[in-house]
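Architecture at a glance
Here are the chains, one letter per residue:
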Amino acid sequence: MTAAQTAPARELSSGLRLDDERFPDAMGWRAKFGVLTPAPNTIVESEFHEMAPRGVINVVNRYYVPNQKVRSDDDWRLIMAHTRQNVANAVDALVQAQMDHLIMGMSSESFMGGVEGSMALRKELKDRAGCDVTVGAEAAERAFEAVGAKRIALLTPYYPVIDQNAVRYFTERGYDVVATEGLKCKSIIHVGSQRADTLIPAVTKLAAAKPDAIVQLGTNLRFARIADEAERWLGLPVFSVGTAIYWTALRKMGINDQFPGFGSLFERH
């Protein structure tokens, strides 16, 4: 038995004892992912379920973020403030499920403050969760590394305040951001309503800047299947950040399944 299996139950201040003994999950025997996502996010949970190979399950917890109107940079800053205020409790709840790996299913927070802010977020989440963590900024970078991309373009649902932080992150990491297309969606729910008639023209516009690869940020955009198709008709790598996040988490867990439907990352890397 491992040390984790034999460790005594922890004593809580309330007198409640947590049971640290681990058991193989009947459905998630290969991996049990804890997934954090904002309350109004309707897309990432469903896309992650679609991507999960047999023996991998997602335990999802939503943290409170209001589906407020977004009409300015300040509105997006308020969404980020709600995230910082409420995400810790959501992690604590997922710890009770004995997750093997934590996924942050919200990419915008992972870019705030550039590389320094992103690294601080990853450390904070990892320390609180007691396991490894995957966030959007890191995952997008791993996707670019997989295909050797240095000139990149960004498709986002955001206002400039988030776009600027994403550009800052990638620039600090040595990438050349040649184009950015922000859709300025009116709320998180509005992000989840975007369809091909909006997303295809946006990604086509970015392709005109001749990047090595395109990444879509914002996990509540339903883009994973469109990205898969776009790679064929644009002739270059196109990544959904949700796909990049889930692919990264699987590969960190040593799960190397390859399958179609979610683009070149899952098919060839």
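Turning to the nonpolar core, a few remarks are in order. Side chains of a nonpolar character, in soluble globular proteins, are inclined to be buried together. Judged by nonpolar contacts, the single largest core of 67 residues is most densely connected at Leu 102 and Phe 170. Setting aside anything within four residues of it in sequence, one finds Leu 102 in contact with Gly 34, Leu 36, Val 91, Leu 94, Leu 125, Ala 129, Cys 131, Asp 132, Val 133 and Thr 134. Core analysis: the second largest hydrophobic core is formed by 18 residues, Ala 153, Val 203, Leu 206 and Leu 221 among them.

Looking now at the sheet that holds strand β8 (residues 176–182). Strand pairing in a sheet relies on backbone hydrogen bonds, with the paired strands running either antiparallel or parallel. The strand order across the open sheet formed by four strands is β8-β7-β9-β10, and the pairing between neighbours is parallel. The sheet is open, and its two borders are formed by β8 and β10 (238–240), each paired with just one other strand. With strand direction ignored, the average angle separating the axes of adjacent strands in the sheet is 20 degrees. Taken together, the six bridges between strand β7 (residues 151–156) and β8 define a ladder with parallel strand orientation. In the strand pairing of β8, Ala 153 is matched with Ala 179. Seen against the sheet, helix α5 (residues 136–147) touches β7, β9 (213–216) and β10 and runs at an angle of roughly 160 degrees to β9.

Our focus in this paragraph is helix α6 (residues 160–172). Helix length check: α6, at 13 residues, gives a terminal C-alpha distance of 18 Å against a target of 18 Å (1.5 Å per residue), a fit within 8%. For α6, the set of buried residues is Val 161, Ile 162, Asp 163, Asn 165, Ala 166, Tyr 169 and Phe 170. Those residues of α6 that are buried lie in contact with α3 (73–95), α4 (114–129), α5, β7 and β8. Residue Gly 174 follows α6 closely and has a positive phi angle near 95 degrees.

Turning next to the pattern of salt bridges. Per the counting criterion, the structure on display carries 20 salt bridges. Salt-bridge contacts for Arg 30 lead to Asp 257; the nearest nitrogen and oxygen are separated by 2.6 Å. Separated by 227 residues along the polypeptide, Arg 30 in the loop between β2 (17–18) and β3 (31–38) and Asp 257 in the loop between α10 (241–252) and α11 (264–268) bring together distant segments of the chain. Judged by relative accessible area, Arg 30 falls into the partly exposed class, the value being 31%. A relative accessible area of 25% means that Asp 257 is categorised as partly exposed.

Parameters at a glance
- Residues numbered from 1 in each chain as written.
- Predicted model: local features only at pLDDT ≥ 70, side-chain atom pairs only at ≥ 80, totals over all residues.
- Heavy atoms only, no water.
- Core = buried A, V, L, I, M, F, W, Y, C linked by side-chain atoms within 4.5 Å.
- Buried < 20%, exposed > 50% of the residue type's maximum accessible area, 1.4 Å probe, protein only.
- Contact = heavy atoms within 4.5 Å.
- Pairing = 2+ DSSP bridges.
- Helix = DSSP H or I, 4+ residues; strand = E, 2+ residues; numbered from the N terminus.
- Axes fitted to C-alpha atoms, helices over the stretch in contact; angles between N-to-C directions.
- Expected span 1.5 Å × (residues − 1).
- Salt bridge = Lys/Arg side-chain N within 4 Å of Asp/Glu carboxyl O.

Nothing here speaks to function; it is all geometry.
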